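Below, each chain spelled out in residue letters.
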Amino acid sequence: MARRNPEKRQFHYQEYFSRYESLIPDFEEFLEYLRTPMPQYFRINTLKITTEAEKERLLSILREKGVEFERVNEVEEFYRVLNNEEVSLGNLKEYSLGFIHSMTVSSSLPVIALEPKPGEVILDMCAAPGGKTGLIAMVTEDKVFLVSNDKRIDRLTALVSNIKRLGITCAITTRYRGEQFPFGITFDKVLVDAPCSGEGRYRIGLEGEILYQKGPGRANIPAIQKGLLVRAYDLVKPGGIIVYSTCTINPKENEEVVDYLLRKRQAEILDWESPFEFYPGLTEWEERPYHPSLVLTKRYYTHKIKAVGFYVAKIRRIA
Ligand SMILES: C[S@@+](CC[C@H](N)C(=O)[O-])C[C@H]1O[C@@H](n2cnc3c(N)ncnc32)[C@H](O)[C@@H]1O
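Residues numbered from 1 in each chain as written. Predicted model: local features only at pLDDT ≥ 70, side-chain atom pairs only at ≥ 80, totals over all residues.

Brief notes about the overall build of the protein
Part 1: Each helix and strand in the protein was counted, giving eleven helices and 15 strands.
Part 2: A compact globule built from 319 residues should have a C-alpha radius of gyration of about 20 Å, and the protein, at 20 Å, falls within 12% of that.
Part 3: When the backbone C-alpha atoms are referred to their principal axes, the protein occupies close to 55 × 50 × 45 Å.
Part 4: When contacts within the protein are restricted to residue pairs at least 6 apart in sequence, those whose partners lie at least 24 apart make up 74%. (Helix = DSSP H or I, 4+ residues; strand = E, 2+ residues; numbered from the N terminus. Rg over C-alpha atoms; globule rule 2.2 N^0.38 Å. Contact = placed C-beta atoms within 7 Å.)

Quick look at the structure:
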């Protein structure tokens with residue numbers, strides 16, 4: 001019987017990421033940064049902590065419990081944990097009570113691009129475990145009509161429990177494959193925070209974070225992403241907004257997916273104001289040209305944003 005060669009299963013991150021050397025600014029700094037642990041962030045949930053006095057009290061309780069943190073100036077209500085190794089936010093009573101939610105600051109970017117407003121009808125197509133659903137509800141003061149969908153029952157359980165914990169009443173949950181989400185509701189906006197290879201989450205030793213490493217039988221991720229994005233377009237009203245985001249670097253899961261939509265449907269890319277430094281979307285990759293307007297989409301690299309690497313595209317349905 002053939003024996004498994006352990007050497008074969010090793011993940012050589014330098015070799016893996018070298019494919020992006022021409023893309024990632026300060027590439028050596030990027031590789032070095034992968035050695036540092038993933039920073040923890042949390043946000044205060046203003047659906048439950050409603051006054052400045054309550055906020056101050058909460059922050060002082062967190063300090064008393066040994067959480068050291070600093071405010072993130074770029075995004076309201078976000079804090080960065082400084083003593084990462086010693087703190088597990090999920091174990092705190094303040095977390096269980098829904099006063100804080102643990103989420104990376106880059107996860108706020110798709111919601112900032114979406115600009116949800118009270119009264120809008122919004123679909124969060126790939127919503128579990130609910131980081132962005134929670135933020136959409138919070139910035140609209142729980143006054144949107146939010147459909148939070150995910151195809152995985154195990155992740156839906158986490159989504160429902162986060163919605164309850166955070167005190168959200170404006171969201172309903174559904175379980176569909178996004179590509180087959182039924183027509184019937186016309187959405188003002190759709191967020192497609194797509195399943196992806198997760199390269200932006202990678203840290204040395206966390207090979208499992210990169211889905212492309214899972215070997216034979218793995219899904220064709222870009223094909224799924226294209227299906228989700230086209231359906232999102234078809235579900236939104238003419239003039240409506242779609243935000244497409246991933247936490248990966250791979251242009252085939254980012255610009256190429258959006259470029260596919262632009263070829264299939266009448267859509268335009270919109271600019272939006274980013275609170276963090278970003279790098280413009282690519283208009284070419286591996287000799288394949290993309291639509292020039294993809295330059296308006298935004299790339300965030302792990303070592304620059306000091307959080308999870310992200311890609312965000314804001315799209316308007318034209319017809
Ligand atoms: C990046 S995660 C979403 C994170 C979430 N938006 C948040 O902020 O917490 C991608 C999600 O897509 C879901 N998913 C994967 N394939 C899907 C599909 N075909 N339709 C809908 N959801 C899908 C996964 O179960 C996963 O929960």
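So, the sheet that holds strand β1 (residues 41–44)
Part 1: As summarised here, the arrangement of the four strands in space is β2-β3-β1-β4, forming an open sheet in which the pairing is antiparallel. Of all strands in the sheet, those with a lone pairing partner are β2 (69–71) and β4 (100–102), marking the two edges. Averaged over all pairs of adjacent strands, the angle between their axes in this sheet comes to 30°, without regard to strand direction.
Part 2: For β1 and strand β3 (residues 78–81), the ladder comprises three bridges, and the chain directions are antiparallel. Counterpart to Phe-42 in the pairing with β3 is Tyr-79. (Pairing = 2+ DSSP bridges. Axes fitted to C-alpha atoms, helices over the stretch in contact; angles between N-to-C directions.)

Describing the nonpolar core
Part 1: Ranked by size, the top nonpolar core spans 79 residues in total, and within it Met-125, Val-190, Val-192, Ala-232, Ile-242 and Tyr-244 carry the most contacts.
Part 2: Two domains share this core, each providing at least three of its residues, namely domain 1 (40–103) and domain 2 (105–317). (Core = buried A, V, L, I, M, F, W, Y, C linked by C-beta atoms within 7 Å. Buried ≥ 20, exposed ≤ 12 C-beta atoms within 10 Å, placed from the backbone. Domains from an automatic or database assignment.)

Some points on the domain arrangement of the protein
Part 1: What the domain assignment lists for the protein is domain 1 (40–103) and domain 2 (105–317).
Part 2: A separation of 25 Å is found between the C-alpha centroids of domain 1 and domain 2.
Part 3: Each partner contributes to the interface: domain 1 provides twelve residues, whereas domain 2 provides 15 residues.
Part 4: Of the residues contributing to the side of domain 1 that touches domain 2, the split by class is six nonpolar, four polar and two charged. (Nonpolar A, V, L, I, M, F, W, Y, C, P; charged D, E, K, R; others polar.)

With respect to the pairing of strand β9 (residues 236–246)
Part 1: Burial runs high along β9: eight of the eleven residues are buried.
Part 2: Two elements, strand β8 (residues 187–193) and β9, share six bridges in a ladder whose sense is parallel. Bridge assignment links Val-190 to a residue of β9, and that residue is Ile-242.
Part 3: Sheet topology note: the β9/strand β15 (residues 310–317) ladder contains six bridges and is antiparallel. Residue pairing across strands places Ser-245 opposite Val-312, the latter belonging to β15.

As for helix α10 (residues 255–264)
Part 1: Those residues of α10 lying buried are Glu-255, Val-257, Val-258, Asp-259 and Leu-261.
Part 2: The elements touched by buried residues of α10 are α9 (221–235), β9, β10 (267–270), β12 (284–285) and β15.

Let's talk about unusual backbone geometry
Part 1: Cis geometry marks the peptide bond from Ala-128 to Pro-129, where omega comes out at 5°.
Part 2: Within the secondary structure layout, Pro-129 lies in the loop between β5 (121–124) and α7 (131–139).
Part 3: The phi dihedral of Glu-141 falls on the positive side, at around 55°, and the residue is not glycine.
Part 4: A tally of 12 C-beta atoms within 10 Å means that Glu-141 is categorised as exposed.

Regarding the packing of α9 against α10
For any two helices packed against each other, one specifies the crossing angle of their axes together with the interaxial distance.
Part 1: The geometry of α9 relative to α10 is characterised by a closest axis approach of 9 Å and an angle of 45° between their N-to-C directions. Classified by the interaxial angle, the pair formed by α9 and α10 is oblique. Judged by the twist between their axes, the crossing of α9 over α10 is right-handed. Along the contact surface, α9 presents Pro-222, Gln-225, Lys-226, Leu-229, Val-230 and Tyr-233, while α10 presents Glu-256, Val-257, Tyr-260, Leu-261 and Lys-264. (Parallel < 35°, antiparallel > 145°, perpendicular 65-115°, else oblique. Left-handed = near helix turned anticlockwise from the far one by under 90°.)

Details of α7
Part 1: In terms of burial, α7 is largely enclosed, as nine of its nine residues are buried.
Part 2: Within the sequence span of α7, burial applies to Gly-131, Lys-132, Thr-133, Gly-134, Leu-135, Ile-136, Ala-137, Met-138 and Val-139.
Part 3: Trailing α7 by a residue or two, Glu-141 shows a phi angle of about 55°, which is positive.

Brief notes about the environment of Thr-104
Part 1: Relative to the elements of secondary structure, Thr-104 occurs in the loop between β4 and α6 (108–114).
Part 2: With 23 C-beta atoms packed within 10 Å, Thr-104 lands in the buried category.
Part 3: For the pair Thr-104 and Phe-78, spaced 26 residues apart in the sequence, the C-alpha separation amounts to 8.9 Å.

Points about the environment of Gly-198
Part 1: Turning to its location among the elements, Gly-198 is positioned in the loop between β8 and α9.
Part 2: Sequence-wise, Gly-198 and Phe-310 are 112 residues apart; in three dimensions their C-alpha atoms are separated by 9.1 Å.

Quick notes on the pairing of β5
Part 1: Sheet topology places β5 next to strand β6 (residues 145–149); four bridges connect them, and they run parallel. Bridge pairing links Leu-123 to Val-147 in β6.

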